Amino acid sequence: MIKSFIIEIFRIVNKSKDAKRVISNFSYLSILQIGSYVLPILTYPYLARVIGVEGFGKIAFAMSIVVYFTTITDWGYNFSATRDVARNRENLDSISKIYSVVTSSKLFLLFVSAIIMVILIFSVPQLKEDFLVYILSFSIVIGQTIFPEWLFQGLENMKFMVILNIISKLIFTMLIFIFIKSPNDYVLQPLFAGCGYILSGVISLYFIHRKMKLRFKVSNFREIYVSIKNSFDVFLNNLMPNLYTSVSVLILGFWGGSVANGILDGASKFYSICAQFLSVMSRAFFPFLSRKLEKHSIFVKIKLSMTIVLALILFLGADFFINTFLTNSFRESVLPLRIFAISLIFHSLTNIYGTNYLILIGKEGVLRRITVLISILCFILAFPLIYYFSYIGAVLTISFARVLLGSIVYIIAKKEKNKRLQIGVLN
């Protein structure tokens, strides 16, 4: 059965240009994901030894703040703008209009973020004391704002985007080994990272204007307001899950201590590798499905098959992974990993029928409401569960949220599909 399924996949790929494009996008995104894992592995041990635990901690704290600002400046455009570009990929004027409005909106959000960052630095003593590292870290936000990943993804031109990202990361890695030689040099790390992103952004802008012939025109305030308003649901949908995931880790740190958090983190690492792989698959399919939603059933079969295989590998191989790749002190991570393995299936259902379906049919508001309600519910549940069951309580909180979200999104998406079929709309 598996053999015939694989043969059928190859037959489809050989006959379809769209299938070849999806495979190509998936390959390039996989390369980018591998680079994101490998290069930090090369630099982290060196940085930890040279700049010490204090400098490393300052950088980590600065990065945790930067993540929120990159989420704000992204504002869900990685899905909403990608969808719009994919649907207008043959119309240069329409793409130029989308590019202008989205870029203007992101620059406006960058300006607001910069003001908030300055206020935080000069009003919070801990940030003011090391203001330079936070200012330099903000250069990453600037770089990610001007680099239009959403545009390349919508046009299904991942090759250029991946090459730029890999080159910038390689340059960044080399600069670390060349210039960071003492603990006082820790501020250079975020500077080099930011310069890498900015360099990629500048080169991409040159490519967009000279090679792709897109025209940029600064949008007026009303256009920016409408754009931000229209992407708010997607933004909130991306942000809200942090309410129960990040808070669970925080509560566990207070009540369970670092050992309990370590056990949770040990299981999370293996889960994250599989989740990231499945996320790459979804990103590769997203622009294709934006144009040809009638092919959604093919995406369902491929992604669910891969999810079930990975979930079984995680569940059955939990003992092997924990005992082989982690130390003996992580042996209690086996049960959390098995629980996470089951939740992986429901996490995929959320992506398959939420991100890659409800958003594509313009029902992001429905998805947002579901996500907000479940995030608030699981945020409340996290306190008693973690208080009484420590790291198992955290695992149950996160997994229950995934199961609940995946199940409800699946049911609602199926109802929407049936409605569309009844009125003659293909999926």
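Up top is the structure these notes are about.
Note that this is a predicted model, so its numbers are computed, not measured. (Residues numbered from 1 in each chain as written. Predicted model: local features only at pLDDT ≥ 70, side-chain atom pairs only at ≥ 80, totals over all residues. Heavy atoms only, no water.)

**A look at unusual backbone geometry**
Here is the rule we go by: In DSSP terms, a helix is any run of H or I states spanning at least four residues, a strand is any run of E spanning at least two, and both are numbered starting from the N terminus.
The residue W75 is not glycine, and still its phi comes out positive at about 55°. Residue placement: W75 occurs in the loop between α2 (17–74) and α3 (77–87). Phi angles above zero are rare outside glycine, and K213 is one such case at about 65°. With respect to the helices and strands, the residue K213 is situated in the loop between α9 (188–211) and α10 (221–230).

**Quick notes on a positive patch on the surface**
Cut-off, in case you're wondering: Candidates for patches are residues over 30% relative accessible area with no salt bridge; among them, like charges are joined within 9 Å and nonpolar side chains (Val, Leu, Ile, Met, Phe, Trp, Tyr) within 5 Å. Reported accessibility uses the Shrake-Rupley method at a 1.4 Å probe radius. Residues are deemed covered only where the shown protein chains occlude them. The working definition used for a salt bridge is a side-chain nitrogen of Lys or Arg within 4 Å of a carboxyl oxygen of Asp or Glu. Residues scored as charged are limited to Lys and Arg (positive) and Asp and Glu (negative), so that His and the chain ends carry no count. Every charge is mapped to an atom, namely NZ of Lys, CZ of Arg, CG of Asp or CD of Glu. Summary of the burial criterion: residues with accessible area below 20% of their type's maximum are buried, those above 50% are exposed, and those between are partly exposed, where the area comes from a 1.4 Å probe applied to protein chains only.
Where like charges cluster on the molecular surface, the positive patch consists of K363, R369, K415 and K419. Mapped onto the elements, R369 comes out in helix α17 (residues 364–422). Judged by relative accessible area, which is 45%, R369 ranks as partly exposed.

**Some points on the packing of helix α4 (residues 92–123) against helix α6 (residues 131–146)**
Selection criterion: For helices, the fitted axis covers only the stretch in contact; all axes are lines through C-alpha atoms, and the angles between them, taken along N-to-C directions, range from 0 to 180 degrees. When an angle is under 35 degrees it counts as roughly parallel; over 145 it counts as roughly antiparallel; between 65 and 115 it counts as roughly perpendicular; any other value is oblique. Pairs of residues are marked as contacts when any of their non-hydrogen atoms sit within 4.5 Å.
Put simply, α4 and α6 touch, their axes get as near as 11 Å, and they point 170° apart. Taken together, the axes of α4 and α6 are roughly antiparallel relative to one another. Counted together, K106, L107, L110, S113, A114, M117 and I121 of α4 and F131, Y134, I135, F138, V141, I142, T145 and I146 of α6 form the full contact between these two elements.

**A closer look at the packing of aromatic side chains**
Ring pairs (aromatic) are described by centroid distance and by the angle formed between their planes. Convention followed: The criterion for an aromatic pair is that two Phe, Tyr or Trp rings (for Trp, the six-membered ring) have centres within 6.5 Å, with stacked assigned to planes under 30 degrees apart, edge-to-face to planes over 60 apart and tilted to the rest. We call a charge positioned above a ring when the Lys NZ or Arg CZ atom is no farther than 6 Å from the ring centre and deviates by at most 35 degrees from the ring normal.
Taken as a whole and judged by the stated rule, the model has 21 aromatic pairs. Considering the side-chain rings of F285 and F288, the 6.4 Å spacing of their centres and the 65° angle between planes classify their relative orientation as edge-to-face. Here the residue F285 and the residue F288 both occupy positions in helix α13 (residues 257–291), the gap between them amounting to three residues, near one helical turn. Look at F285 and you get buried, because its relative accessible area is 10%. In this structure F288 comes out as buried when scored by relative accessible area, which is 8%. Ring geometry for Y353 against Y410: centres 5.1 Å apart, planes inclined by 80°, an arrangement best described as edge-to-face. Pair noted here: Y353 is in helix α16 (residues 334–358) and Y410 is in helix α17, with a separation of 57 residues, a long-range link. Classification of Y410 by relative accessible area gives partly exposed; the value is 34%. Positioned over the ring face of F315 is R338, at 5.8 Å from the centre of the ring. The ring of Y357 carries K417 above its face, with NZ or CZ at 5.4 Å from the centroid.

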